[in-house]
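Overview (structure and organization)
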Amino acid sequence: MPSQRIILGIGLAILLVIGAASIGLDLKSRSDSASVDRALGILGKLSDMRPQLHRAESAARAYALSGDQEFAREYREASDAIVPALAALIEAVKANPTEKQLIEETKALVERQIALNGELVRLRTAGDSAAAAALVAQEDRAATAAIAGNLEKAVAEERRLLFARRAESETNGSFLLAIDLAGVVLILILATVLTLLARRSRRELQDSLSASKATNEALEAAVAERTEHLVAAHEELRLSAAVLRSTFHSMAEAVLVIDTKGEVLLSNPAAEKMLRYRPGMTVELLRSLSTVFHADGVTPLPVQDMPAARALRGETFDATEIVVRPVGGSRPVHLLISGRPLRDTSGAISGAALVYHDATASRETEHKLQQSQKLDAIGKLTGGVAHDFNNMLTVITGTTETLVARLAHEPELQKTAELIDQAAERCSELIQHLLAFARRQPLQPRNVDINATVVDIAKLLRPTLGEQIEVNSILEQETAVAHIDPSQLANSLLNMAINARDAMPNGGKLLLETRNVVLDEAYAQANPDAKPGPYVMLAVSDNGAGMPQDVLNKVFEPFFTTKEVGKGSGLGLSMVYGFVKQSGGHIRIYSEVGHGTTIKLYLPPARGQVETAPAAAPALPQGNETIMVVEDDALVRNFVITQLQSLGYQTIAAANGPAAMALIADGKPFDLLFTDVIMPGGMTGRQLADEAIKRRPGVKVLYTSGYTDNAILHQGRLDPGVLLLTKPYRKSQLANMVRRALSG
């Protein structure tokens, strides 16, 4: 036994020596193999460098010659990759001074070429084609040749090292094989000795195995139980990870996780859709695709205030709004961004997490709501001003009409009076436009065949617009009947057509279209002033100059015009807007500079047959009844009394509702109550009429007003049986309405 142990010890010692030698040679062989792989990798990088350099130079020159943005993008991609690749090459060959010097010289030459090509791209982008062409002519062939030469030398040096390392590796491999064979023989001898020793100790082991069998069984049971727990925990972890991964990829918000260098470590599909992110992009490259502004969309956002920069500085922020305008010219995007810095176990910042929410749709909805509210506010102010002007115009028009009649024997003065009368009439038209915008005009809606109306108006438009304007129409045969005021529709079409003509000074095309449409809930949510439901759509399109966004934002405001002084009042589209809104419809305008404009009127549909226009009422004779005139404006009141008395009527006057009620209480007899609608004194004309009818059942009532503020108008319509004489009015209109009221 001692001799066997000595033999075994000697054999093991020899085996250890052989193993150590084998390990050493194996390590040397592996080192040589790694050197060969590294040399092959360097050769590959050198081989890739030359086409990359050629690609950058070619793309820059192609962009200088063609101006194609695709070449500019290709140049940026190639040039951005070249310098890091050279730096990686310098790091890879740092153990070889000769190669390191060659690559460093090459890097300096390449950086010079990149700077030259970058200047070439900059000049072409700035539109300086002459300077770009001159720079192309100054191509530095010597630098290009030097770069190519240095790369060839580096390739030659790497190949020399590669061949030397391969030869040395083959020699070491042969020696290693011989040592391995000797080791195998020795192992076989030792195995024989160990087999003999094992037979002797087997009996001893058998006894110890029987003793530990119970212990092993208990251990196996514990291991099985632990394994079961680990399997269950692993399955639970797998399911949790799957849920988290699915949630992350299905998020509507874009998510980017970046490191301190701006490299993107993690992203979700929403980032690719919302931010145009592509795998491999850095934050800096992603930023170069767009111009970033503050929430106002005007002030540029400095680089140090970008969300990624703030988060990497350690700032925590939520819902920071920015506006991103893509370089390609796509529409701007409003983003709400939340950011958090990421820290390692030592507390140092190791990256950042950024979450982006697209708020473009909500911002557009807010803007439309603000525009609608602004127009409503302007409408209220306009309506009040128009009411006061109507009171004064009623006196002016009535007085000038009398002057013209009485100055028949003084032609010069009569002409002056006629000029005043014409100016007052023009003011009256302007006031009517303002009332239309303010939605304070009394409408006379009826069921109208839109197609027939468009055909009739198109016939009138052709001579009005001139031969240089081509008028076409596309009318859907099944277009529904609309419930609107036909005269207001005609005025609206005329206004829109004249605006289209002015936008096409050199001629163009005007297109009128009709069809049935349904505005759904989604559209109504995006356009707060629209109600969902069916509409009759009437569109007026031109291929004129179009309008920029700042003009579109004000196009419906009264007196806003882009025309020269004296060429337009700015009331045309405001009148159209008021008519459509008062009719219970919706209006949208689309325009693009250089392409034209389309205005769409969404008019309320109606059921039943098309109604024919009522025939004009013939002039009525004078009368001798008594009329109570209730008007708070003294000028208007005196004018009305004078006109009524000239028509043969008796008059009683009151300045407001309480004064009129006092006269009624005193028993003053009258046949007709002629009252303004809106008056001071705490009582409207409608309230006065209601009280008068209670005390004098059967009394006739005629209302007058510049606007009614919904006192007797509901959604632009008079209550059944209510008569209204709209200010300003002429003597003939007053006579006809008074006789109509008394005869009703």
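Everything numeric here is computed off the predicted structure, so don't read it as measured data.

1. Let's talk about the overall build of the protein chain
Within the protein chain, the regular secondary structure consists of 19 helices and 20 strands. When burial is assessed residue by residue, the protein chain has 40% of its 744 residues classed as buried. In the protein chain, the proportion of contacts linking residues at least 24 apart, taken out of those at least 6 apart, comes to 68%. About 40400 Å² of surface is accessible on the protein chain, with carbon and sulfur atoms providing 57% of the total.

2. Topic: the sheet that holds strand β13 (residues 596-603)
Each strand in a sheet pairs with another by means of backbone hydrogen bonds, the pair being arranged parallel or else antiparallel. The mixed open sheet is built from 5 strands, whose spatial order is β8-β10-β11-β13-β12. Of all strands in the sheet, those with a lone pairing partner are β8 (469-475) and β12 (586-592), marking the two edges. In this sheet, adjacent strand axes meet at a mean angle of 15 degrees when their direction is disregarded. Contacting β8, β10 (508-519), β11 (533-542) and β13, helix α11 (residues 450-465) runs over the sheet at an angle of about 165 degrees to β10. Where helix α12 (residues 486-502) meets the sheet, its contacts fall on β8, β10, β11 and β13, and the angle it forms with β11 comes to roughly 35 degrees.

3. Some remarks on the sheet that holds strand β3 (residues 290-293)
If you walk across this open sheet you meet the 6 strands as β2-β1-β6-β5-β4-β3, and the pairing is antiparallel. Looking along the sheet, the strands with just one partner apiece sit at the ends: β2 (264-267) and β3. Here the average twist between neighbouring strands, direction ignored, is 30 degrees. Here strand β4 (residues 317-326) runs beside strand β5 (residues 333-343); their pairing, made up of 6 bridges, is antiparallel. Opposite valine 323, over in β5, you have histidine 334 as the bridge partner.

4. Some thoughts on the nonpolar core
Counting residues in hydrophobic clusters, the biggest one holds 38 residues, and the most contacted among them are Leu510 and Leu601. With residues up to four places along the chain from it excluded, the contact list for leucine 510 reads Leu461, Leu465, Ile469, Glu470, Val471, Asn472, Ala497, Ala500, Val540 and Ser541. Core analysis: the next-biggest nonpolar cluster, separate from the first, contains 26 residues, Ile258, Tyr277, Ile322 and Ala352 among them.

5. Remarks on the pairing of β10
As paired elements, β8 and β10 share 7 bridges and run parallel to each other. Paired with asparagine 472 across the bridge in β10 is leucine 511. Pairing of β10 with β11, which is carried by 10 bridges, proceeds in the antiparallel orientation. Residue pairing in the sheet places valine 517 in a bridge with tyrosine 535 of β11.

6. Thoughts on the packing of aromatic side chains
For the structure shown, the criterion picks out 1 aromatic pair. On the numbers, 6.3 Å between centres and 80 degrees between planes, the contact of tyrosine 535 with tyrosine 602 is edge-to-face. Pair noted here: tyrosine 535 is in strand β11 and tyrosine 602 is in strand β13, with a separation of 67 residues, a long-range link. For the pair tyrosine 535 and tyrosine 602, one class covers both residues: buried. Note that arginine 310 overlies the ring of phenylalanine 317, its terminal NZ or CZ placed 4.3 Å from the centroid.

7. Concerning the environment of lysine 668
Along the polypeptide, lysine 668 turns up in the loop between α17 (657-665) and β16 (672-676). Among all residues touching lysine 668, those that are not within four sequence positions of it are Ile652, Leu663 and Arg696.

8. Some thoughts on unusual backbone geometry
Comment: phi is negative for the bulk of residues other than glycine, and the bulk of peptide bonds are trans. Unlike most non-glycine residues, arginine 276 shows phi in positive territory, near 60 degrees. Structurally, the position occupied by arginine 276 is in the loop between α6 (269-274) and α7 (283-287). Positive phi is not limited to glycine here, since alanine 319 has a value of about 50 degrees. Take alanine 319: it is sitting in strand β4. For alanine 319, a relative accessible area of 49% gives the class partly exposed.

9. What to know about the pattern of salt bridges
Oppositely charged side chains can form a pair if their charged atoms are brought close together. Using the criterion set out here, one finds 8 salt bridges in the structure. Between arginine 340 and aspartate 318 there is a salt bridge, with the nearest N and O atoms lying 3.0 Å from each other. With a gap of 22 residues between them, arginine 340 in strand β5 and aspartate 318 in strand β4 connect regions that are remote in the sequence. One salt bridge in this structure joins aspartate 502 and arginine 501, with 3.3 Å as the shortest N-O distance. Looking at arginine 501, the relative accessible area reads 26%, which means it is partly exposed. Taken together, the salt bridges that share partners define one network made up of Arg310, Arg313 and Glu315.

10. As for the pairing of β4
Here β3 runs beside β4; their pairing, made up of 4 bridges, is antiparallel. Note on β4: the bridge partner recorded for threonine 291 is arginine 325.

11. Examining a nonpolar patch on the surface
Taken together, the side chains of Met392, Ile396 and Ile420 define a hydrophobic patch exposed on the protein surface, amounting to about 240 Å² of accessible area. Structurally, isoleucine 420 is set in helix α10 (residues 411-437). Judged by its relative accessible area of 40%, isoleucine 420 falls in the partly exposed class.

12. Points about α12
In this model, α12 (17 residues) spans 25 Å end to end at C-alpha, consistent with the 24 Å of a helix rising 1.5 Å per residue. Along α12, the residues that are buried comprise Pro486, Gln488, Leu489, Ser492, Leu493, Asn495, Met496, Ala497 and Ala500.

13. Regarding the confidence of the model for the protein chain
Taken residue by residue, the protein chain gives an average pLDDT of 76. The fraction at 70 or more is 72%. Summarising per-element confidence for the protein chain, the mean pLDDT is lowest in strand β18 (residues 713-714) (51) and highest in strand β14 (residues 626-630) (95). In the predicted structure, residues 609-613 sits below a pLDDT of 50 and forms 9 contacts with residues beyond four places in sequence or in another chain.

14. A closer look at the packing of α11 against α12
For the pair α11 and α12, interaxial distance at closest approach is 10 Å and the crossing angle is 40 degrees. In terms of orientation, α11 and α12 fall into the oblique class. Seen from above, α11 lies across α12 with right-handed handedness. Contacts between α11 and α12 involve Ile450, Thr453, Val454, Ile457, Leu461, Thr464 and Leu465 from the former and Leu489, Ala490, Leu493, Leu494, Ala497, Ile498 and Arg501 from the latter. A per-class count over the contact of α11 with α12 returns 11 nonpolar, 2 polar and 1 charged.

Conventions and cut-offs
- Residues numbered from 1 in each chain as written.
- Predicted model: local features only at pLDDT ≥ 70, side-chain atom pairs only at ≥ 80, totals over all residues.
- Heavy atoms only, no water.
- Helix = DSSP H or I, 4+ residues; strand = E, 2+ residues; numbered from the N terminus.
- Buried < 20%, exposed > 50% of the residue type's maximum accessible area, 1.4 Å probe, protein only.
- Contact = heavy atoms within 4.5 Å.
- Areas by Shrake-Rupley, 256 points an atom, 1.4 Å probe, with all protein chains shown as cover.
- Pairing = 2+ DSSP bridges.
- Axes fitted to C-alpha atoms, helices over the stretch in contact; angles between N-to-C directions.
- Core = buried A, V, L, I, M, F, W, Y, C linked by side-chain atoms within 4.5 Å.
- Phe/Tyr/Trp six-rings, centres within 6.5 Å; stacked < 30°, edge-to-face > 60°.
- Lys NZ or Arg CZ within 6 Å of the ring centre and 35° of its normal.
- Salt bridge = Lys/Arg side-chain N within 4 Å of Asp/Glu carboxyl O.
- Patch = residues over 30% accessible without salt bridge, like charges linked within 9 Å, V, L, I, M, F, W, Y side chains within 5 Å.
- Expected span 1.5 Å × (residues − 1).
- pLDDT = per-residue confidence, 0-100.
- Parallel < 35°, antiparallel > 145°, perpendicular 65-115°, else oblique.
- Left-handed = near helix turned anticlockwise from the far one by under 90°.
- Nonpolar A, V, L, I, M, F, W, Y, C, P; charged D, E, K, R; others polar.

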